[in-house]
2 protein chains.
Amino acid sequence: MLALVLGDTPRVVSDHPEPVCREGEARVQMHVAGVCDTDLQLALGYMGYRGVLGHEAVGRVIECGDSDWVGRRVVADINAGCGQCGDCLQRDGHHCATRTVLGIVARDGVFAEQFVVPTRNLVAVPDEVSDDCAVFSEPLAAALHVLDDIPVSAHVGVLGDGKLGLLIALALHGAGRKVTAIGHHAQKLAIAAGGGVATCLEDELRDDRFDAVVEATGSATGLAVALQRVQPRGTVVLKTTVAKPEPVDLAPVVIHELRIVGSRCGAMASAIEHLSRGRVDPTPLIAARYKLADAERAMAAASARGTLKILVDAH
Amino acid sequence: MLALVLGDTPRVVSDHPEPVCREGEARVQMHVAGVCDTDLQLALGYMGYRGVLGHEAVGRVIECGDSDWVGRRVVADINAGCGQCGDCLQRDGHHCATRTVLGIVARDGVFAEQFVVPTRNLVAVPDEVSDDCAVFSEPLAAALHVLDDIPVSAHVGVLGDGKLGLLIALALHGAGRKVTAIGHHAQKLAIAAGGGVATCLEDELRDDRFDAVVEATGSATGLAVALQRVQPRGTVVLKTTVAKPEPVDLAPVVIHELRIVGSRCGAMASAIEHLSRGRVDPTPLIAARYKLADAERAMAAASARGTLKILVDAH
């Protein structure tokens, strides 16, 4: 089958073997996939991953031990835990020490005609949610996961007007929170504004301090800005991972008793519910789409600075 | 009166004017004071402070508009808030934007025969708590404040076997928490062990990871160690402020969804209660004591690497 495989570099191949569906797993025919910045970092050597890239997708189940799933349109949690440890049994397995992660850790990803995930990871996509919306489920779940770390009444500043920052701003707004999206590009902030979100150019912030700030700039210097923009005893939610650590003055964290909270994956079911209820429309974030056969071009397009979401269609 | 006054350098003077006790304030005759690393940093220019140094003390009220306080032995919260803002009215004023801070921000400190604090900051010291115990109230309150940020069931690793790290380990143990004190000096860890705390040399830690880690090393590299020693979804409580920011790889914060929480001052009443109930005995931390007239030598002694608590007696 067609697949974008990461060896030393990511290459589209036409003869990648179809994945084998083991007990407890489901084989999914990919419809649409999305390129994430993590895919770009993996291509540069992050995590030392080798295999089929991609972890954002919607598709249809074509094989599953539980026949109820066959034929259903689905998205899937990307973390495949052992199912036995405390984290898997008591929580969501997102921190299972031996987990594989779709297209990221020891499990072939979704930039392929087919992919395999544990059946328990599947979330059905209702008819009212289009493929182009559902393909945002994974980053939308991650965006909504921010809600777990901030008080309901908090005025939240979202730093960063890239695809993740905008999606977080739209998601929190859709969840009824008071949000201001902050960035450097009026044109991108307009997408958040189009979804009803208050926006502000970073240069035009005055003494504004927020109860919570989400750091989604993708920049090594974003944390320092976030720490300046949060109230005493406030929370900075860290979404950005950067390859090269920068010196950060953490004295304000102690003096102002700030909390810095790392936030990664969320619950796919919450994302699908938000999409189903129309609380957020991520489709204005789509910048371009490519066919799977052109996935190398899709990666190149996504790598261009400032590009919003690049989609990959199976056909 | 005698006082240790910070100008360009800290100098003992014998003719410092006695402090004026305004409405809502109390004038306290100092008995014993303690030297904190913050005093050493202030002497090096931190915060740009000028005035009488020192913020850890126990003494006796000699003047107060509320006559009930006169003659009572007291300690005092070091943060003097405006009394009007939300933080002062709803919380403890520790984050009041216009607060003064005893011996740190715009308010003469305790390395003097007398000092003045707001009456509402006073906490009475019961007879069973000696001056040598009560003088630890401020750092002990800060140590107990860590309890506000960690789950009751957490196994807590305390990084750092300096006076703050040891006091935190003793305080958390005294509060019934499961604690391991971690450091580089067997002799210092023995003080924690003497109080019943489990201890471990940092070099002898294997794969141990704690539910929470308190970073109290005073070192710029302590945070990186703390981040390696905490479980996924765990908490690092940051007590150390360092003058020179170091590069820190914060990717684990996102990947493992860690929380970094800054923690500063605590409730003096809690500290006095713990001392009164005998839950913690800080006196083994006393390294040496000097008379107020020798306070410059006290500062020099405290500056020597690895020194535990230096006390300053009024006479």
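This structure is a prediction, so every number in the text was calculated from the model and none was measured.

Attention now moves to the pattern of salt bridges. Considering all chains together, one arrives at 30 salt bridges over all chains under this definition. Linking Arg233 of chain A and Asp92 of chain B is a salt bridge whose minimum nitrogen-to-oxygen distance equals 3.2 Å. Remark: Asp92 of chain B occurs in the loop between α2 (86-90) and β8 (100-101) and Arg233 of chain A occurs in strand β15 (residues 230-238); the pair is interchain, linking two chains. With relative accessibility at 37%, the residue Asp92 of chain B sits in the partly exposed group. Here Arg107 of chain B ties to Glu25 of chain B by a salt bridge, and the two come within 3.2 Å at their closest N and O atoms. Placement of the pair is Arg107 of chain B in the loop between β8 and β9 (114-118) and Glu25 of chain B in strand β3 (residues 25-34), with a sequence separation of 82 residues. Take Arg107 of chain B and Glu25 of chain B: they sit in the same class, and that class is buried. Residues joined by salt bridges that share partners form a network here, namely Asp87 and Asp92 of chain A together with Arg233 and Glu257 of chain B.

So, about the sheet that holds strand β2 (residues 10-13) of chain B. Sheet strands pair via backbone hydrogen bonds, and the direction of the pair is either parallel or antiparallel. Residues and elements named next belong to chain B. Strand order in the open sheet made by the 3 strands is β2-β1-β4, with antiparallel pairing throughout. Of all strands in the sheet, those with a lone pairing partner are β2 and β4 (51-52), marking the two edges. Looking at chain direction, strand β1 (residues 3-6) and β4 are connected through 2 bridges and run antiparallel. What sits directly across from Val5, in β4, is Val52. Lying on the sheet, helix α10 (residues 295-303) is in contact with β1 and β2; it crosses β2 at an angle near 150°.

To continue, consider the packing of aromatic side chains. As enumerated under the stated definition, the model contains 0 aromatic pairs over all chains in all. A cation over a ring is seen here: Arg72 of chain A above Trp69 of chain A, with NZ or CZ 5.0 Å from the ring centre.

This paragraph deals with the interface of chain A and chain B. Each side of the interface is counted separately: chain A has 34 residues, and chain B has 34 residues. Buried surface at the junction of chain A and chain B, both sides included, amounts to about 2900 Å², of which 58% is carbon and sulfur. Contact with chain B buries area across many residues of chain A, yet His95, Arg233 and Val254 of chain A alone supply 24% of it, more than any other trio. Taken together, the links from chain A to chain B amount to 15 residue pairs in polar contact (both at pLDDT 80 or more). Broken down by secondary-structure element, the contributors of at least two residues to the side of chain A that touches chain B are β15, α8 (251-255) and β16 (259-262) of chain A. The class makeup of the residues in the side of chain A that touches chain B is 16 nonpolar, 8 polar and 10 charged. As paired elements, β16 of chain A and strand β16 (residues 259-262) of chain B share 3 bridges and run antiparallel to each other.

Here the two chain copies are tied together by a rotation about an axis and a shift along that axis. Take chain A, turn it by 180°, move it 0.0 Å along the axis, and it overlays chain B with an RMSD of 0.0 Å. Such a combination of turn and shift is consistent with a two-fold rotation axis. Among all residues of chain A, the minimum C-alpha distance to the rotation axis is found for Pro247 of chain A, at 1.8 Å. By residue overlap, the copies meet face to face through one surface: 100% of the interface positions of chain A are interface positions in chain B.

Okay, the side chain of Asp39 of chain A next. Residues and elements named next belong to chain A. Examined against the element boundaries, Asp39 turns out to sit in helix α1 (residues 37-43). No salt bridge forms around the buried Asp39; measuring N to O, its nearest opposite-charge neighbour Lys309 is 6.8 Å away. Non-local contacts of Asp39, meaning those with residues more than four positions away in its chain, are made with Gly34, Leu53, Gly54, His55, Phe111 and Met299.

Taken together, 12 strands build an open sheet; the order of strands is β13(A)-β12(A)-β11(A)-β14(A)-β15(A)-β16(A)-β16(B)-β15(B)-β14(B)-β11(B)-β12(B)-β13(B) and the sheet is mixed. The open sheet is flanked by β13 (198-201) of chain A together with β13 (198-201) of chain B, the only strands paired with a single partner. On average, adjacent strands in this sheet sit at an angle of 20° to one another, irrespective of strand direction. Note that strand β14 (residues 210-215) of chain A and β15 of chain A share 5 bridges and pair parallel.

Our focus in this paragraph is the pairing of strand β15 (residues 230-238) of chain B. Residue and element names in this part refer to chain B. In terms of handedness, the path from strand β14 (residues 210-215) via helix α7 (residues 222-228) over to β15 forms a crossover that is right-handed. As judged from the 4 bridges shared by β15 and β16, these two strands associate in the parallel manner. Opposite Thr235, over in β16, you have Arg259 as the bridge partner.

Located in the positive-phi region is Arg233 of chain A, a residue other than glycine, with phi close to 65°. Unusually for a residue other than glycine, Ala106 of chain B sits at a positive phi of about 55°. Secondary-structure assignment places Ala106 of chain B in the loop between β8 and β9. The exposed category is assigned to Ala106 of chain B, whose relative accessible area is 63%.

Moving on: helix α5 (residues 163-174) of chain A. Residues and elements named next belong to chain A. The terminal C-alpha atoms of α5 lie 16 Å apart, and with 12 residues this matches the ideal 16 Å at 1.5 Å per residue to within 8%. Here α5 lies mainly inside the structure; 9 of its 12 residues are buried. Among the residues of α5, Lys163, Gly165, Leu166, Leu167, Ile168, Ala169, Leu170, Ala171 and Leu172 are the ones counted as buried. Immediately beyond the C-terminal end of α5, within one or two residues, lies Gly176, with a positive phi of roughly 90°.

Our focus in this paragraph is the domain arrangement of chain A. All names here are of chain A. Structurally, chain A comprises domain 1 (3-139 + 266-313) and domain 2 (150-262). Look at where the C-alpha atoms of domain 1 and domain 2 centre, and you get two points 26 Å apart. Carbon and sulfur atoms supply 68% of the area buried between domain 1 and domain 2, which totals about 1100 Å² over both sides. It is Val280, Leu285 and Leu308 in domain 1 that bury the most area against domain 2; as a group they hold 39% of the surface buried on that side.

Okay, the confidence of the model for chain A next. In the predicted model, chain A carries a mean pLDDT of 95, and the fraction of residues at 70 or more is 99%. Complex prediction metrics read pTM 0.92 and ipTM 0.91.

All names here are of chain B. Within the fold, Val35 resides in the loop between β3 and α1 (37-43). You can call Val35 buried: its relative accessible area is 1%. With 268 residues separating them along the chain, Val35 and Ser303 place their C-alpha atoms 9.6 Å apart. Ignoring anything within four residues of it in the chain, the contact list for Val35 reads Leu40, Glu56, Phe111, Lys163, Met299, Ala302, Lys309, Ile310 and Val312.

So, on to the side chain of Gln114 of chain A. Residues and elements named next belong to chain A. Tracing the backbone through its elements, the reader meets Gln114 in strand β9 (residues 114-118). Of the polar contacts made by the side chain of Gln114, one reaches the side chain of Arg27; its length is 2.4 Å. Look past the residues within four positions of Gln114 in its chain and what remains in contact with it is Met1, Glu18, Pro19, Arg27, Val28, Gln29, Met30 and Ile62.

Locating Asp66 of chain B in the fold gives a position in the loop between β5 (56-64) and β6 (73-76). A C-alpha to C-alpha distance of 9.5 Å links Asp66 of chain B and Glu23 of chain B, two positions 43 residues apart in sequence.

Cut-offs applied
Residues numbered from 1 in each chain as written. Chains lettered and ligands numbered in written order. Predicted model: local features only at pLDDT ≥ 70, side-chain atom pairs only at ≥ 80, totals over all residues. Heavy atoms only, no water. Salt bridge = Lys/Arg side-chain N within 4 Å of Asp/Glu carboxyl O. Helix = DSSP H or I, 4+ residues; strand = E, 2+ residues; numbered from the N terminus. Buried < 20%, exposed > 50% of the residue type's maximum accessible area, 1.4 Å probe, protein only. Pairing = 2+ DSSP bridges. Contact = heavy atoms within 4.5 Å. Axes fitted to C-alpha atoms, helices over the stretch in contact; angles between N-to-C directions. Phe/Tyr/Trp six-rings, centres within 6.5 Å; stacked < 30°, edge-to-face > 60°. Lys NZ or Arg CZ within 6 Å of the ring centre and 35° of its normal. Buried area = accessible area lost by both parts, 1.4 Å probe. Polar contact = N/O pair within 3.5 Å; in protein donor to acceptor, adjacent residues only side chain to side chain. Nonpolar A, V, L, I, M, F, W, Y, C, P; charged D, E, K, R; others polar. Least-squares fit on C-alpha atoms with pLDDT ≥ 70 in both. Lys, Arg positive; Asp, Glu negative; His and termini not counted. Right-handed = clockwise from strand over helix to strand, strands pointing away. Expected span 1.5 Å × (residues − 1). Domains from an automatic or database assignment. pLDDT = per-residue confidence, 0-100.

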